[in-house]
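Residue-level structural notes
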Amino acid sequence: MPVRQRHLIQLVAGVLLAVSLLGIFALVAWSDQPRVRYASLKCIYRQIYTYKGPVDVVLVGTSRVKWGVDPKEVSTVYSNGATPPFTVLNLARSWRGTQQMFQEVKDVENERGIRKGIVIEYSREGDVVATSQRYYDYYIDHAALVPIGEFVDDPQLKPREPAYLRARDLMELLQKRLDYALDRAISGKADANLTVPVDQRPVATSDGCTGKDRPYKPAANAAWLKRVIPKGGTWRDRQPGAWPIGAINNDAQRETMKEMVAWAHARGLFIAFTLMPRVGDPRPSQAYFDKFEQTFGVPLLFPTDDVLGQMYKTGGYSDPNHLQGQGRAVYSAWLAKQLPS
């Protein structure tokens, strides 16, 4: 092959490579927009980016908080007659994923501001799926929902894992992010997330993304209670709960929670972690409460037996894991009373 022709081919190949790399960088940068990141959580996007005005209290968590906390009830009780009432925002969604929850909080702070504090659901260790990314407490769309810059800190959240596994996870996040970006660019999944100028946004009130209650399953509740309650007894006869704190596959959850505590305190915000009970759950043991506070530097919130008794009455839970109307009202009023003024 003539030298001139070889140089031309090399030049064309170099140009194609450069264009391809620029295209990838442009695609990833485009996918960092909030409206694209939140393509799979459109309600949460609307709550953060289409309303204006600071938020007093932000709640994040799994579906247990999504259906378990009424932000309007929390606002009413927490405000205690103050006018205007405090603005409470419930941004919980299904599944675990503490890192992504933290990102929601940071997005609220950056976009609207937080005046008082944050409440985060704590998912106890041992309740993880070990055959997927949730093993490390990733939300199912984690790679799409957090800014690409957050990936840099991912290896630090697993300090006890070998370096090659942390590198593998980082590469997988990058690959997934590119897949999500391509999918959303082609499918238009982010198009419903409108960009609304701040001066055209309505002032927000207490709200969230709960929607209607889940289907009521009394048979499932009864079967669960029969399984966990001592024969001939009640939920009050169960031994105090105690679960591990320190498993290696929960390092990312714990490290993120510690980061959240430091982040909140640096901004003068209160931070509270709450453990949502399943129907019939006993209170955790005092040793468990002590271990939690020693680990994270803040106490863990859990209802008293009197409050649990009101929540566990017939109709309080739609299924063993999720509150509905009556139970949600009881829990929300109790939670509001635990928040610092």
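Residues numbered from 1 in each chain as written. Predicted model: local features only at pLDDT ≥ 70, side-chain atom pairs only at ≥ 80, totals over all residues. Heavy atoms only, no water.

As a further point, take helix 3 (residues 42-49). All of the buried residues in helix 3 are Ile44, Tyr45, Gln47, Ile48 and Tyr49. Taken down its axis, helix 3 places every buried residue within 165° of arc, on the same side. (Buried < 20%, exposed > 50% of the residue type's maximum accessible area, 1.4 Å probe, protein only. Helix = DSSP H or I, 4+ residues; strand = E, 2+ residues; numbered from the N terminus. Arc of directions from axis to C-beta.)

Moving on: the pairing of strand 5 (residues 270-274). Most of strand 5 sits out of view: five of its five residues are buried. As paired strands, strand 3 (residues 114-121) and strand 5 are joined by five bridges and run parallel to one another. Residue Ile120 lies in a different strand from strand 5, and its bridge partner there is Phe273. Where strand 5 meets strand 6 (residues 300-301), two bridges bridge the pair, whose relative direction is parallel. Bridge pairing links Thr274 to Leu301 in strand 6. (Pairing = 2+ DSSP bridges.)

Moving on, we come to unusual backbone geometry. The step from Thr83 to Pro84 runs through a cis peptide bond, and the omega angle for that step is -10°. Examined against the element boundaries, Pro84 turns out to sit in the loop between helix 5 (71-79) and strand 2 (88-90). Within the chain, Trp95 stands out as a residue other than glycine whose phi angle is a positive 80°. Relative to the helices and strands, Trp95 resides in the loop between strand 2 and helix 6 (98-111). Judged by its relative accessible area of 44%, Trp95 falls in the partly exposed class.

Below, the discussion takes up the state of the cysteines. According to the stated counting rule, one finds one disulfide in the structure shown. Put simply, Cys43 and Cys209 are joined by a disulfide, and their sulfur atoms are 2.1 Å apart. Handedness here is read from the sign of the S-S torsion; for Cys43 and Cys209, about -95°, the answer is left-handed. Of this pair, Cys43 sits in helix 3 while Cys209 is found in the loop between strand 4 (207-208) and helix 9 (218-228), placing the two residues 166 residues apart along the sequence. Residue classification places Cys43 among the partly exposed residues on the basis of a relative accessible area of 22%. (Disulfide = S-S within 2.5 Å.)

This structure, assessed with the given rule, holds 13 aromatic pairs. A ring pair is formed by Phe273 and Phe296, whose centres lie 6.3 Å apart and whose planes are at 35°; its orientation type is tilted. Taken as a pair, Phe273 in strand 5 and Phe296 in helix 11 (residues 286-296) lie far apart in primary sequence, 23 residues in all. Owing to a relative accessible area of 0%, Phe273 belongs among the buried residues under this scheme. (Phe/Tyr/Trp six-rings, centres within 6.5 Å; stacked < 30°, edge-to-face > 60°.)

One key point about sheets: their strands pair by backbone hydrogen bonds, in either a parallel or an antiparallel sense. The strand order across the open sheet formed by six strands is 4-2-1-3-5-6, and the pairing between neighbours is parallel. At either margin of the open sheet sits one strand with a lone partner, and together these are strand 4 and strand 6. Where helix 5 meets the sheet, its contacts fall on strand 1 (55-60), strand 2, strand 3, strand 4 and strand 5, and the angle it forms with strand 2 comes to roughly 155°. (Contact = heavy atoms within 4.5 Å. Axes fitted to C-alpha atoms, helices over the stretch in contact; angles between N-to-C directions.)

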